[in-house]
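Examining the three-dimensional arrangement
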Amino acid sequence: MSVFNVYPLYEVTPVSAKGIYVYDKNNTEYLDLYGGHAVISIGHSHPKYVEAITNQVAKLGFYSNAVQNPLQEELAAKIESLSGCKDYALFLCNSGAEANENALKLASFKTNKSRVIAFKNGFHGRTSAAVAVTDNAAIIAPINAQQEVTILELNDIKSVQRELEKGDVCAVIVEFIQGVGGLDQANAAFFEQLDLLCKANNTLFIADEVQSGYGRSGKFFAFQYYKLTPDIISIAKGMGNGFPIGGILIHPSIEAKFGMLGTTFGGNHLACVAGLSVLTVIEDDHLIENVNEMSAYFIKIANTIPQIKKTKGRGLMLGLEFDFEVANLRKKLIYEHHIFTGGASNKKVLRILPPLNIDKEHIHQFFDALVAALDN
Ligand SMILES: Cc1ncc(COP(=O)(O)O)c(C=O)c1O
């Protein structure tokens, strides 16, 4: 049997990783400024994480959601304490797409409506409703096209108002910092008016924090830069530091009913301890403070490099925009300088998504390599 060939692959085979570095089968060391697509939050193979998962798998790796699992309550309490999102309820699943799928489904249940407003260049995943609200026709199959979705421009609040006032919209879903799209952000007035318009029109406001959440933006959630209250917050990537876990935080105004949502694997024992150990490390190692410090340091150096036309994003969810497409630059960085970076739908943007515990030495290593790669 062969592997279904859907990913264009770099010729690198990682076999181990520690902290900010990944090692391939020849023991070549790579600096990881991509975090496996914004997933590695506390660094590779963090000892507390390894210990927590190892101990749990030796005791009980999995049992179903038909029995008590106090680890889920513990995880919910810890997310509340670190995020400051008081009294939300937690539903656990396994990925970002699934988080958004459940968020959209819940919004539709709650409002008894079905149309969704999403935004240009947004990315929300590849499952049924999640891909339908993603602005990329190439990944929407005919079976997904049945969803009722209206894609609008970020910052165009008048169009949003016009659509919401038609009364048939169950949810607005938005990334506060676009990830896959290329690090664009709408302005504060737009986000805050969006929240008010949702509340006035019985539409749920879904904050897609799958990529921007868990401290990556410099706050626990990127929406916390604004004065607004999402009805549902979707989370995944940084949550498990590579262990597949996702979830939604649900505002107390939304009531649960048995059977409304469900999953076999979501919220299993191993996933919960992975999630708990990530939060413990974020707290104990003051990683959100580190994000802010390293972000400022990174941007300061980026601003001295003439080929970088714009630095986009926040925290350690950054994009460096050039006036040329960066595919070759990424190849040079990986093959000649052994540094992983990311690309975006905006082909002129190099994405920087490192583990949240990088330090200045790693930033210097990157910029020395970048300058060398740009010079030849
Ligand atoms: C903002 C956002 N939402 C949702 C997803 C989908 O997450 P997953 O790939 O875990 O399904 C992604 C993945 O890149 C994302 O960036």
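Residues numbered from 1 in each chain as written. Predicted model: local features only at pLDDT ≥ 70, side-chain atom pairs only at ≥ 80, totals over all residues.

As annotated in an unreviewed UniProt entry, the protein chain is Acetylornithine aminotransferase from Polaribacter irgensii 23-P. The UniProt entry for the protein chain carries this comment under Cofactor (unreviewed entry): "pyridoxal 5'-phosphate". (UniProt positions renumbered as here; feature names shortened; annotations may be inferred.)

Observations concerning the sheet that holds strand E13 (residues 339-340)
With respect to topology, four strands assemble into an open sheet ordered E1-E2-E3-E13, the strand pairing being mixed. Looking at which strands have only one partner, the edges of the open sheet turn out to be strand E1 (14-18) and E13. Note: strand E3 (residues 29-32) against E13, two bridges, orientation parallel. Within E13, the position partnered with Asp 32 by the bridge is Phe 340. (Pairing = 2+ DSSP bridges. Helix = DSSP H or I, 4+ residues; strand = E, 2+ residues; numbered from the N terminus.)

Considerations on the site of the ligand
Around the ligand, 14 residues are found, and the nearest of them are Ser 95, Gly 96, Ala 97, Gly 125 and Val 210. Counting residues per element, the shell around the ligand draws most heavily on helix H4 (residues 96-111), which supplies three residues. Looking at the shell around the ligand, its residues break down into five nonpolar, seven polar and two charged. (Near = placed C-beta within 6 Å. Nonpolar A, V, L, I, M, F, W, Y, C, P; charged D, E, K, R; others polar.)

Section: the pairing of E1
The sheet contact formed by E1 and strand E2 (residues 21-24) spans four bridges and is antiparallel. For Ser 16, the partnering residue across the bridge sits in E2 and is Tyr 23. The antiparallel hairpin formed by E1 and E2 contains two residues in its connecting segment, where Gly 19 sits at a positive phi of about 65°.

Notes on the domain arrangement of the protein chain
In many reports, interface size means the accessible area that the parts give up when they come together. Segmentation of the protein chain into domains returns domain 1 (14-46 + 286-375) and domain 2 (48-284). Inter-centroid distance (C-alpha atoms) of domain 1 to domain 2 is 26 Å. Across the boundary between the two partners, domain 1 contributes 26 residues, which contact 27 residues of domain 2. The element that contributes the greatest number of residues to the side of domain 1 that touches domain 2 is helix H9 (residues 287-302), accounting for five residues. Classifying every residue of the side of domain 1 that touches domain 2 gives 13 nonpolar, eleven polar and two charged. (Domains from an automatic or database assignment. Contact = placed C-beta atoms within 7 Å.)

Topic: the sheet that holds strand E11 (residues 310-314)
Spatially, E11-E12-E14 is the arrangement adopted by the three strands of the open sheet, whose pairing is antiparallel. Every other strand in the sheet has two partners, leaving E11 and strand E14 (349-352) as the edge strands with one partner each. For this sheet the average axis-to-axis angle between neighbouring strands, irrespective of direction, equals 20°. In this structure, strand E12 (residues 317-321) lies alongside E14, joined through four bridges in antiparallel fashion. Residue pairing across strands places Glu 321 opposite Val 349, the latter belonging to E14. (Axes fitted to C-alpha atoms, helices over the stretch in contact; angles between N-to-C directions.)

Some remarks on the nonpolar core
Formed by 109 residues in total, the largest nonpolar core has its most connected members in Ala 107, Val 116, Ala 171, Val 172, Ile 173, Ile 206 and Ile 232. Top contributing element to this core by residue count: helix H8 (residues 269-284), with ten residues. Residue contributions to this core reach at least three from each of two domains, namely domain 1 (14-46 + 286-375) and domain 2 (48-284). (Core = buried A, V, L, I, M, F, W, Y, C linked by C-beta atoms within 7 Å. Buried ≥ 20, exposed ≤ 12 C-beta atoms within 10 Å, placed from the backbone.)

Considering H8
Residues that lie three or four places apart on an α-helix share one face, since the helix turns once every 3.6 residues. Compared with the 22 Å implied by 1.5 Å per residue over 16 residues, the 22 Å span of H8 between its first and last C-alpha is a close match. Of all 16 residues that make up H8, twelve are buried, and the element is covered over most of its length. Regarding H8, the residues found buried are Leu 270, Ala 271, Cys 272, Val 273, Ala 274, Gly 275, Leu 276, Ser 277, Val 278, Leu 279, Val 281 and Ile 282. As for H8, its buried residues are in contact with helix H2 (47-59), helix H3 (70-83) and H9. His 286 sits one or two positions beyond H8 and adopts a positive phi of about 50°. (Expected span 1.5 Å × (residues − 1).)

What about the environment of Leu 154?
As for its placement among the helices and strands, Leu 154 is situated in the loop between strand E6 (149-152) and helix H6 (157-164). A C-alpha to C-alpha distance of 22 Å links Leu 154 and Gly 96, two positions 58 residues apart in sequence. The residues touching Leu 154, leaving out its near neighbours within four places in the chain, are Phe 119, Lys 120, Asp 184, Ala 186 and Phe 190.

Here's the deal with the packing of H3 against H8
H8 packs onto H3 with a crossing angle of 25° between their chain directions and a minimal axis gap of 9 Å. Considering the angle they form, H3 stands roughly parallel to H8. Both H3 and H8 take part in a crossing whose hand is left-handed. Within the contact between the two elements, H3 uses Leu 71, Gln 72, Glu 74, Leu 75, Lys 78, Ile 79 and Leu 82 and H8 uses His 269, Cys 272, Val 273, Gly 275, Leu 276, Leu 279, Ile 282 and Glu 283. When the residues that make up the contact of H3 with H8 are grouped by side-chain class, the tally is nine nonpolar, three polar and three charged. (Parallel < 35°, antiparallel > 145°, perpendicular 65-115°, else oblique. Left-handed = near helix turned anticlockwise from the far one by under 90°.)

So, the environment of Asn 26
Among the structural elements, Asn 26 can be located in the loop between E2 and E3. Residues Asn 26 and Thr 13, spaced 13 residues apart in sequence, show a C-alpha to C-alpha distance of 8.8 Å.

What to know about unusual backbone geometry
Peptide bonds are trans in most cases, and residues, glycine excluded, mostly fall at negative phi. Its identity as a non-glycine residue notwithstanding, Asn 155 has a phi of 75°, on the positive side. With respect to the secondary-structure elements, Asn 155 resides in the loop between E6 and H6. Given 15 C-beta atoms within a 10 Å radius, Asn 155 is considered partly exposed. Residue Tyr 214 is not a glycine yet carries a positive backbone phi of 60°. Within the secondary structure, Tyr 214 is located in the loop between strand E8 (204-208) and strand E9 (232-235).

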